[in-house]
Amino acid sequence: MTKRPVIIDTDPGIDDAVALAIALYSEELEVRLITTVAGNVGLEKVTKNALRLLQFFGKDIPVALGAARPLIKAPIDASDIHGSTGMDGFEFEEPTKDLVLKEHAVNAMRRVLMESVEPITLVPIGPLTNIALLLNMYPEVKDKIAEIVLMGGSTGRGNMGVMAEFNIFADPEAAKIVFQSELPVVMLPLDVGLKALVYPEDSEKLKGMNETGRMIYQLFQKYRGGSMKTGLKMYDSTAIAYLLKPEMFQVADTFVDVELSGTLTTGCTVVDLKGYLGKPSNAKVCIDIDADMFKQWFMESLQKCN
Ligand code: BDR
Ligand code: CA
């Protein structure tokens, strides 16, 4: 089977960690590069977390450090959700820095894209700063991008503001650049993340499943993205789920823009499902997910890990 080449841009993050586990052990994906971006916590911490995970999994994927701050806004973080390290709950061994590239993430992405024979899918599961910089600095890479499958935004309410989701709210200007890029963009919004849940019975199964399951189980004890009782939200895994099992989603082709200067709504993704703005569609937005299918896929995927 030929594997689908991807670059994952991430800010681990407990749900990022789970998404990375699934992607790295998938037989259908070839993760060519991991780039890090400030988001859930600062750049140094999220990079350390990516390295911790790769060492834990025993996967030698190059890692490039990206933006330490958003394009314009002051940085925010989500340490209230993921803990002060960004991945509280498990004692990882101190990671080596062997996998860290000397290049900045934007240059590493450019190189990997340009060197590739086939187009590569970008999978951003954090703020979109690195991707926006890449598209602005090196527009020639556009022909080498198969698709951008991102977790971010919302078709309804937000989790950072009334109408804004964290990844977009953290760097709305970057998100606007991505949605206006004229590249094929797939958006996995908060709304579907809210239905991609892990309940206590499955979390308990993870504990004894394998080493990865045990690690994730422990991270889940500290994760505040939902509660154990009502379900932990696996936002970032929905982007990987879309790559591997798109049939679990209902998708709408529509126009999306990002509010930059709303007095109350900065960072809101305006998803024009009813076509009020009369603009051509620029994104595929996942508007629903088969929650049972997700649950089954999620557990089966983690079973493939060590
Ligand atoms: C997004 O915000 C982060 O905290 C998660 O990792 C996810 O990418 C959900 O809004
Ligand atoms: Ca994330």
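Conventions adopted
- Residues numbered from 1 in each chain as written.
- Chains lettered and ligands numbered in written order.
- Predicted model: local features only at pLDDT ≥ 70, side-chain atom pairs only at ≥ 80, totals over all residues.
- Heavy atoms only, no water.
- Donors = N, O, S within 2.8 Å, 3.2 Å for Na, K, Ca; no water.
- Helix = DSSP H or I, 4+ residues; strand = E, 2+ residues; numbered from the N terminus.
- Buried < 20%, exposed > 50% of the residue type's maximum accessible area, 1.4 Å probe, protein only.
- Contact = heavy atoms within 4.5 Å.
- Near = heavy atom within 4 Å.
- Polar contact = N/O pair within 3.5 Å; in protein donor to acceptor, adjacent residues only side chain to side chain.
- Areas by Shrake-Rupley, 256 points an atom, 1.4 Å probe, with all protein chains shown as cover.
- Nonpolar A, V, L, I, M, F, W, Y, C, P; charged D, E, K, R; others polar.
- 1 Å grid on protein atoms, 1.4 Å probe; cavity = no way out; pocket = protein on both sides within 12 Å on 5 of 7 lines; lining within 4 Å.
- Points joined across faces, edges and corners; volume = space filled by probe spheres on them.
- Pairing = 2+ DSSP bridges.
- Axes fitted to C-alpha atoms, helices over the stretch in contact; angles between N-to-C directions.

Novice: Help me get a handle on the coordination of the calcium ion (ligand 2), residues and values and all.
Specialist: For a metal bound by four donors in a tetrahedral arrangement, the ideal donor-metal-donor angle is 109.5 degrees, while six donors in an octahedral arrangement ideally sit at 90 or 180 degrees. The coordination sphere of the calcium ion (ligand 2) contains the protein donors Asp11 (OD), Asp16 (OD), Asp16 (OD), Ile125 (O) and Asp236 (OD), at a distance range of 2.3 to 2.5 Å. All donors to the calcium ion (ligand 2) come from one chain, and their sequence spacing reads D-x4-D-x108-I-x110-D. Taken together, the residues aspartate 11 in the loop between β1 (4-10) and α1 (14-25) and aspartate 236 in the loop between β9 (231-233) and α11 (237-244) connect sequence positions 225 residues apart. Residues aspartate 11 and aspartate 236 agree in their burial class; the two are buried.

Novice: Give me the lowdown on the environment of glutamate 165, citing residues and values where you can.
Specialist: Take glutamate 165: it is sitting in the loop between β5 (145-151) and α6 (166-170). With a relative accessible area of 3%, glutamate 165 lands in the buried category. Sequence-wise, glutamate 165 and tryptophan 297 are 132 residues apart; in three dimensions their C-alpha atoms are separated by 25 Å. Leaving out residues up to four positions away in the same chain, glutamate 165 has contacts with Met151, Gly152, Gly153, Ser154, Gly158, Asn159, Met160, Leu190 and Gly267.

Novice: Quick rundown of the site of ligand 1? Include the residues and the values.
Specialist: Every residue close to ligand 1 is listed here: Asp15, Asp16, Asn40, His82, Ile125, Met151, Asn159, Glu165, Phe166, Asn167, Tyr235 and Asp236. The contact in question runs from an oxygen atom of ligand 1 to an N or O atom on the side chain of aspartate 15, over 2.6 Å. At 3.0 Å, a side-chain N or O of histidine 82 approaches an oxygen atom of ligand 1. The protein chains hide 97% of the 280 Å² of surface that ligand 1 would expose on its own. Of all elements in the fold, only α1 and α6 reach the threshold of two or more residues within the shell around ligand 1. Looking at the shell around ligand 1 residue by residue, the classes come out as 4 nonpolar, 4 polar and 4 charged.

Novice: Break down the layout of surface pockets for me, citing the residues and quoting the values.
Specialist: Using a probe with the size of a water molecule, rolled over the atoms, empty space left in the structure can be pinpointed. In this structure, the largest pocket spans a volume of roughly 320 Å³. Surrounding the largest pocket, 24 residues form its lining, Ala78, Ile81, Asn159, Phe166 and Tyr235 being those nearest its centre. Broken down by element, the lining of the largest pocket gets its largest block of residues, 3 residues, from helix α3 (residues 79-82). A breakdown of the residues in the lining of the largest pocket according to their chemical character gives 9 nonpolar, 6 polar and 9 charged.

Novice: Outline the sheet that holds β1, supporting the account with residue identities and numerical values.
Specialist: The strand order across the open sheet formed by 8 strands is β3-β2-β1-β4-β5-β6-β13-β10, and the pairing between neighbours is mixed. Single-partner strands in this sheet number two, and they are β3 (63-65) and β10 (249-254). Taking the axes of each pair of neighbouring strands and ignoring which way they run, one obtains an average angle of 25° across the sheet. Bridge count between β5 and strand β6 (residues 185-188): 4 bridges; the pairing is parallel. Looking at β6, one finds that leucine 150 is bridged to methionine 187. Against the sheet, helix α4 (residues 105-115) contacts β1, β2 (29-36), β3, β4 (120-124) and β5, and its axis sits at roughly 155° relative to β2.

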